[in-house]
Amino acid sequence: MAKVGEIRAGELNAQEFIEEKTKEIASVVRDGLAINALSGGVDSSTVTMLAHKALGSQLKTYFINNGLMREDEPEAVISLFTQLGVEVKMINAQDKFFNALKGITDPEQKREAITQTFYKDVFGRLVQESGAKFLLQGTILTDIDETVAGIKRQHNVFEQLGIDPQEAFGYRIIEPLVQLRKDGVRKVAESLGLPQSVFRRMPFPGPALSARVIGEVTPEKIQTVRLATRIVEEELASSGAFQYMAILHRDRVTGVRQGKRDFGLQIEVRCWESIDARVAHPSRLSFDILDKLAQRMVTEVEGVVSVTYNIAPKPPSTMEVV
Ligand code: XMP
């Protein structure tokens, strides 16, 4: 497999990049139909706008509701793109994802279950029903690096692993952002006229909140981590950090509530300083902020008796826990 030529953010001319990629997309899809999944993250939002520019009504954009998103995320993403003139159809697939994740505790198997459900089950069917021949997606260079290096199997990487999407799923995948890293994608997103809430948006992993639950993923655990995520995102919004998150641990620990033993849940908070997610350091948050986080977690998230803050850098840590 040929190595992908990187375009560094500092060397990137976003307008030229947009022109080149819209031409490329249009010449590959020709008079066919392409589909794409929008999650609201900067990568998939950028691909959606690029492809919308290139293909107009030959592009069908879907929001796959996998049940693993943050609070109110599906509605907010769809409403923003509707305002931008892009029609987005929501596909409810929560049960499919939770069924596929049942009983799985190994991180890589979890990613694989999500990959299969997303690309084979949900998208395979959408492709068949719509007659599309192409799937556009926002894979970036960091996804490929980490997958090829065997660090984490990013859910959206195939060809670099020797998997032919045409054979495996029955459609071709177009990846216009594959030469960029996150900082380059943000420049392109801004040039495309996407709002700041998108081009400055904090990264969020494809496997969504399932990457933030250690051990088996269930609807109940997702709900716990969803509440904890809201608290972390509210309290750290002004931190200026690259990314912050709440993680639900598998182990329970002994706590005490109203004089009684409470074998409760543990939430870990992570907050990262980073440029491109390849290396990262924990933010030096003030103890007042940590204290407020802990107070809110134990009072607002049912069952939480322990709150910890990660202080290990990447490497050897990774930013997500799964
Ligand atoms: P890690 O955990 O590998 O994360 O240090 C680096 C950056 O990538 C994001 N991430 C993912 N993004 N699919 C994604 O789309 C994934 O499977 C995935 N895993 C990690 C992570 O949030 C961080 O910004």
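One can find the structure itself at the top, above this paragraph.
A word on the packing of aromatic side chains
Overall, the coordinates contain seven aromatic pairs when judged by the stated rule. Judged by centre distance (5.1 Å) and plane angle (75 degrees), the rings of Phe158 and Phe169 are edge-to-face. Taken together, the positions of Phe158 in the loop between helix 6 (141-148) and helix 7 (165-169) and Phe169 in helix 7 put the pair 11 residues apart, joining distant regions of the chain. What makes Phe169 buried here is its relative accessible area of 12%. Aromatic ring contacts, followed pair by pair, group Tyr62, Phe118, Tyr119, Phe123, Phe158, Phe169 and Tyr171 into a single cluster. Above the face of the Phe204 ring, Arg70 is positioned so that its terminal group lies 3.7 Å from the ring centre.

A word on unusual backbone geometry
A cis amide bond links Lys314 to the next residue, Pro315, at an omega of -15 degrees. Note on placement: Pro315 falls in the segment after strand 10 (304-309). For the peptide bond that leads from Pro315 to Pro316, omega is 5 degrees, which places it in the cis range. Take Pro316: it is sitting in the segment after strand 10. At Arg30, a residue that is not glycine, the phi angle is positive and equals roughly 50 degrees. Phi angles above zero are rare outside glycine, and Asp72 is one such case at about 60 degrees.

Rules used in this analysis
- Numbers given to residues run from 1 along each chain, matching the order in which its sequence is written.
- Confidence filtering applies because this is a predicted model: local features only for residues at pLDDT of at least 70, side-chain atom pairs given and counted only at 80 or more, and all residues used for totals across whole chains, interfaces and linings.
- Processing note: side-chain calculations cover all non-hydrogen atoms of the structure and skip hydrogens and water entirely.
- Two rings from Phe, Tyr or Trp (for Trp, the six-membered ring) form a pair when their centres sit within 6.5 Å of each other. Planes less than 30 degrees apart are called stacked, planes more than 60 degrees apart edge-to-face, and all others tilted.
- For the purposes of this entry, the term helix denotes a DSSP run of H or I that reaches at least four residues, the term strand denotes a run of E that reaches at least two, and both are numbered from the N terminus.
- Buried means the residue's accessible area, taken with a 1.4 Å probe over protein chains only, is under 20% of the maximum for its type, while exposed means over 50%, and partly exposed covers the values in between.
- Each ring is checked for a lysine NZ or an arginine CZ that lies within 6 Å of its centre and within 35 degrees of its normal; such an atom marks a charge sitting over the ring.

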